[in-house]
Amino acid sequence: MKIFLFVILVIFALLIGLYPLIYLFVDHKHTFLQTKLPEVVHDTVWRALFFSHMIFGGISLFIGWRQFGATFRNKHKVLHRIIGKTYIFSVIISSVSGIYIGFFANGGIISSLGFISLGIIWFSTTVAAFLKIKRGDVLQHQKLMTYSYACTFAAVTLRLWMPLLKIAIGTPDISYLIVAWLCWVPNLLVAYYINKTHSLQNQ
């Protein structure tokens, strides 16, 4: 079951990790950008940070899953470090960009707080994980990286929850307010369960 769930996670990570490519091949009026106010979309800073968030978030999602699994880490230590550094750099760029664009989120203060909180936690857990491994604390590094990737995976869960909420509630605006929190809070709870289970197994 663990292998099956991991395979499902990887499939979604790869698919949604490539999602930013849609902005290269699809007219922007058919993408998420068409939901934004014209003055926001045409703001140079917002556009730059939006695409930074999308591109580097996609990279972190696409490569982050590969860091899990003791067999891979022990067998390919150099590659593990390269992927890890790339992941951390990508998350820092994407999370900081995400915090900024969170202030302009559709739905107002409720959704803005949801996405800004996600960005802050994503940034904090990733930087903390980096500092822990620099100090040689492997166990805490692994736990924090689990939380970090749970935040990264919000890109997937957002796209899974949103259509379900639209069907259940029938109001896109309210659905967006809910998904701004639902896309990441349950992910962190799952990460907590994984870390707790791992700690109990190592006792």
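See the structure shown above.
The model shown is predicted, which means the values in this text are computed figures rather than measured ones.

Undergrad: For the overall build of the protein chain, give the residues involved together with the corresponding values.
TA: When you go through the protein chain residue by residue, the secondary structure sums to 11 helices and 0 strands. The secondary structure elements of the protein chain, listed N-terminal to C-terminal, are α-α-α-α-α-α-α-α-α-α-α. At 17 Å, the protein chain has a C-alpha radius of gyration in line with the 17 Å of a compact globule built from 203 residues. Once the C-alpha set of the protein chain is aligned to its principal axes, its extents read approximately 55 × 35 × 30 Å. Burial statistics for the protein chain: of 203 residues in total, 37% are counted as buried. In the form shown here, the protein chain has an accessible surface area of approximately 11,800 Å², with 73% of it arising from carbon and sulfur atoms. Across the protein chain, the centroid of the 17 positively charged side chains sits 22 Å from that of the 5 negatively charged ones.

Undergrad: Could you give an account of a nonpolar patch on the surface, naming the residues involved and the relevant values?
TA: Nonpolar side chains collect at one region of the surface, where Ile3, Phe4, Leu5, Val7, Ile8, Ile11, Phe12, Leu15 and Leu160 lie side by side and expose about 840 Å² of accessible area between them. Take the nonpolar patch: its biggest share by element is 8 residues, from helix α1 (residues 2–17). The topology assignment puts Phe12 in helix α1. Residue classification places Phe12 among the partly exposed residues on the basis of a relative accessible area of 30%.

Undergrad: How would you explain helix α4 (residues 44–64) if you had to name every residue and give the values?
TA: The end-to-end C-alpha distance of α4 is 29 Å, a good match for the 30 Å that 21 residues give at a rise of 1.5 Å each. What α4 keeps buried is the set Trp46, Phe50, Met54, Gly57, Gly58, Ser60, Leu61, Ile63 and Gly64. A side-chain oxygen of the first residue of α4 lies 3.2 Å from the backbone nitrogen of Val45; this N-cap is Asp43.

Undergrad: Tell me about the packing of helix α6 (residues 77–102) against helix α8 (residues 138–152), residues and numbers included.
TA: Between α6 and α8, the shortest axis-to-axis distance is 12 Å and the interhelical angle comes to 50°. In terms of their interaxial angle, α6 and α8 are classed as oblique. Crossing hand, α6 versus α8: left-handed. Contacts between α6 and α8 involve Tyr87, Ile88 and Val91 on the former and, on the latter, Met145, Ser148, Tyr149 and Thr152. Across the contact of α6 with α8, the residue classes tally to 5 nonpolar, 2 polar and no charged.

Undergrad: So what about the environment of Gly57? Which residues, and what values?
TA: Here Gly57 is to be found in helix α4. In this structure Gly57 comes out as buried when scored by relative accessible area, which is 13%. Each C-alpha atom, one on Gly57 and one on Ile109, is 23 Å from the other, the two residues being 52 residues apart in sequence. Sequence-distant contacts of Gly57, defined by excluding residues within four places in its chain, comprise Ser52, Ser94 and Trp122.

Undergrad: Got a sec to walk through the environment of Val156? Specific residues and values, please.
TA: Mapping Val156 onto the fold places it in helix α9 (residues 154–169). When its relative accessible area of 1% is taken as the criterion, Val156 is described as buried. Sequence separation of Val156 and Cys183 is 27 residues, and the distance between their C-alpha atoms is 8.0 Å. Among all residues touching Val156, those that are not within four sequence positions of it are Phe12, Ala13, Ile16 and Leu61.

Undergrad: Give a detailed account of a positive patch on the surface, specifying residues and quantitative values.
TA: Together, Lys77, Arg81, Lys85 and Lys134 make up a region of like positive charge exposed at the surface. Per-element tally for the positive patch: the top contributor is α6, with 3 residues. Along the chain, the position of Lys134 falls in helix α7 (residues 109–134).

So, how was this worked out
- Residues numbered from 1 in each chain as written.
- Predicted model: local features only at pLDDT ≥ 70, side-chain atom pairs only at ≥ 80, totals over all residues.
- Heavy atoms only, no water.
- Helix = DSSP H or I, 4+ residues; strand = E, 2+ residues; numbered from the N terminus.
- Rg over C-alpha atoms; globule rule 2.2 N^0.38 Å.
- Buried < 20%, exposed > 50% of the residue type's maximum accessible area, 1.4 Å probe, protein only.
- Areas by Shrake-Rupley, 256 points an atom, 1.4 Å probe, with all protein chains shown as cover.
- Lys, Arg positive; Asp, Glu negative; His and termini not counted.
- Charge placed at Lys NZ, Arg CZ, Asp CG, Glu CD.
- Patch = residues over 30% accessible without salt bridge, like charges linked within 9 Å, V, L, I, M, F, W, Y side chains within 5 Å.
- Salt bridge = Lys/Arg side-chain N within 4 Å of Asp/Glu carboxyl O.
- Expected span 1.5 Å × (residues − 1).
- Polar contact = N/O pair within 3.5 Å; in protein donor to acceptor, adjacent residues only side chain to side chain.
- Axes fitted to C-alpha atoms, helices over the stretch in contact; angles between N-to-C directions.
- Parallel < 35°, antiparallel > 145°, perpendicular 65-115°, else oblique.
- Left-handed = near helix turned anticlockwise from the far one by under 90°.
- Contact = heavy atoms within 4.5 Å.
- Nonpolar A, V, L, I, M, F, W, Y, C, P; charged D, E, K, R; others polar.

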